[in-house]
Amino acid sequence: MEQLQSPAYYLAKAVELATENVRNNGGPFGAIVVTADGREFEGLNRVTANLDPTAHAEVTAIRNACQGVGDFDLTGATLYTSCEPCPMCLASSLWARIGHVYFAADRHDAAAAGFDDALFYEYFEPSSDRRLMPVAKVAPGRGVAVDPFDAWRGYHGRTAY
């Protein structure tokens, strides 16, 4: 196992990645996933460069780490990111089973630079009326909504996640 560095070390690297990414037509965000055994996987914000609203630095770092380790489960890994993760990136970290997240700048620093995700954070507040994007459960016209889950439970080749 490699000797792991301090959070400040990885955060400085993530900030450097983010700054360099701006020079390469990307957004000002960078991230690094460090696995439990010390392997590092970088991610850059490529939202505008790739025309992909999910290409946040944290998500690309998680994707790179999963491909690198050959598993969707990153239990024991740590995410270091140049800025406080948005709700999508936090959810992605949870799904990847990331053990800890460290960030440098916060959401207020991002807002001051024109990246104001306040509405997205507020959307998940218990008091939110969800006007930004209404979400509702509706019964399908035909079939049963739980049919895919019944098929999943009956599928013997499934991989649990």
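Residues numbered from 1 in each chain as written. Predicted model: local features only at pLDDT ≥ 70, side-chain atom pairs only at ≥ 80, totals over all residues. Heavy atoms only, no water.

- Per an unreviewed UniProt entry, the protein chain goes by the name tRNA-specific adenosine deaminase and belongs to Arthrobacter glacialis.

**Digging into the environment of Thr 54**
So, point 1. With respect to the secondary-structure elements, Thr 54 resides in the loop between helix H2 (47-50) and helix H3 (57-69).
So, point 2. Taking the relative accessible area as the measure of exposure, Thr 54 reaches 28% and is therefore partly exposed.
So, point 3. When neighbours within four sequence positions are excluded, Thr 54 is seen to be in contact with Val 59, Arg 63 and Met 88. (Helix = DSSP H or I, 4+ residues; strand = E, 2+ residues; numbered from the N terminus. Buried < 20%, exposed > 50% of the residue type's maximum accessible area, 1.4 Å probe, protein only. Contact = heavy atoms within 4.5 Å.)

**Things to note about the pairing of strand E4 (residues 100-105)**
So, point 1. In terms of strand pairing, strand E3 (residues 78-83) meets E4 through five bridges, oriented parallel. Across the sheet, Thr 78 pairs through a bridge with His 100, a residue of E4.
So, point 2. With helix H4 (residues 87-95) bridging E3 and the parallel E4, this β-α-β connection has right-handed handedness. (Pairing = 2+ DSSP bridges. Right-handed = clockwise from strand over helix to strand, strands pointing away.)

**Regarding the packing of aromatic side chains**
So, point 1. In total, this model carries seven aromatic pairs according to the counting rule given.
So, point 2. Here Tyr 9 and Tyr 10 contribute two aromatic rings whose centre-to-centre distance is 5.1 Å and whose plane-to-plane angle is 80°, an arrangement assigned as edge-to-face.
So, point 3. For the ring pair Phe 72 and Tyr 161, a centre distance of 5.9 Å and an interplane angle of 75° mean the geometry is edge-to-face. On the criterion of sequence distance, the pair formed by Phe 72 in the loop between H3 and E3 and Tyr 161 in the segment after helix H7 (147-154) is long-range, its members being 89 residues apart.
So, point 4. Owing to a relative accessible area of 42%, Phe 72 belongs among the partly exposed residues under this scheme.
So, point 5. These aromatic residues form a ring-pair network of at least three members: Tyr 9, Tyr 10, Tyr 80 and Tyr 102.
So, point 6. We note Arg 107 situated over the ring of Tyr 121; from NZ or CZ to the ring centre the distance is 3.6 Å. (Phe/Tyr/Trp six-rings, centres within 6.5 Å; stacked < 30°, edge-to-face > 60°. Lys NZ or Arg CZ within 6 Å of the ring centre and 35° of its normal.)

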